[in-house]
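A look at the structure
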Amino acid sequence: ETGAVDTGIGIDVEGGTVHNSNGASSTFDRVHVLGQAVGTDYWATGIKLNGISQANFNSVDIQGDNNGGLSSSHSIDLDLEATNGPTNDSFITNIVNSNFFGGLYGIKYGSYVQGIAITNANFTLNWNGIYAPASATGQSELAITNSQFDDTGDNILFDTNASSPQVMLTNNLFFLVAGTDGLHAKGTISYSTIIGSNCSTATGSLISAS
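Residues numbered from 1 in each chain as written. Predicted model: local features only at pLDDT ≥ 70, side-chain atom pairs only at ≥ 80, totals over all residues. Heavy atoms only, no water.

1. Description of the sheet that holds strand β21 (residues 198–199)
If you trace the seven strands from one edge of the open sheet to the other, you get β3-β6-β9-β12-β15-β18-β21, paired in parallel fashion. Across the chains shown, the open sheet's two edge strands, defined by having one partner strand only, are β3 (32–33) and β21. Note that strand β18 (residues 173–174) and β21 share two bridges and pair parallel. Following the sheet pairing, Phe174 is matched in β21 by Cys199. (Pairing = 2+ DSSP bridges. Helix = DSSP H or I, 4+ residues; strand = E, 2+ residues; numbered from the N terminus.)

Structural data, given as structure tokens:
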């Protein structure tokens, strides 16, 4: 427990400036990260992997400040940005049966993150379920299957003008509130596929590009 508001990182794994096998094949199994009380004390970041590859998440629940998924939310549930890329990218991250709830971002899909596979996950009451920052570059290969998004802002937002290729969405449910998108890409998402994904309201569009 944090004992304070927007403080610290629950689990922080740093891979250094050059890629090596440190942290490889790490597994987070049945891990629950939250603050002392929902919406009162919460981590600034639930779990952070920086330059760590071949990581597996199973039944991981990360809960943020839970203030209704407002843009004024602060916490990041799972931060995967590789700040030391391209000399140390983060690649191959598998996420199954997990929940990301009530943060500013459910997953921060930042620079030099490649090969994320997400299956049977829920992104609920975040501002953005999955977010690629405006400064992000070098990210690719995001596959999401059988997952549900019910966030307050855009469920998946590529805020970057850089290319985010190889995006695959299969059999996902997007709940949209007015003025939001299931997938909003400001840059290109070439070599990408969307199959069987459903929007539960008519107040937004599944894909928006600007």
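Now that the structure has been shown, we can carry on.
2. Brief notes about the pattern of salt bridges
Under the definition given, this model contains four salt bridges. Close ionic contact of Glu81 with Lys108 constitutes a salt bridge, the shortest N to O distance being 3.1 Å. One end of the pair, Glu81, is in the loop between β7 (76–79) and β8 (90–96); the other, Lys108, is in strand β10 (residues 105–108), with 27 residues separating them in the sequence. Note that Asp159 and Lys186 form a salt bridge whose closest N and O atoms lie 2.6 Å from each other. A residue pair is termed long-range when its members are at least 10 positions apart, and Asp159 in the loop between β16 (156–158) and β17 (167–170) and Lys186 in the loop between β19 (181–185) and β20 (193–195) qualify at 27 residues. Residue class for Lys186 comes out partly exposed when judged on its relative accessible area of 33%. (Salt bridge = Lys/Arg side-chain N within 4 Å of Asp/Glu carboxyl O. Buried < 20%, exposed > 50% of the residue type's maximum accessible area, 1.4 Å probe, protein only.)

3. Thoughts on the pairing of strand β14 (residues 140–145)
Pairing geometry for strand β11 (residues 113–119) and β14, over five bridges, is parallel. From the neighbouring strand, Thr119 faces β14, where its bridge partner is Thr145. Inspection of the sheet shows β14 paired to β17 by four bridges, in the parallel sense. Each bridged residue has a counterpart across the sheet, and for Leu142 the counterpart in β17 is Val167.

4. A word on the environment of Ala4
Inspection of the secondary structure puts Ala4 in the segment before β1 (9–14). The partly exposed category is assigned to Ala4, whose relative accessible area is 27%. The spacing of Ala4 and Asn161 is 157 residues in sequence and 36 Å in space, taken between C-alpha atoms. Ignoring anything within four residues of it in the chain, the contact list for Ala4 reads Asp41 and Tyr42. (Contact = heavy atoms within 4.5 Å.)

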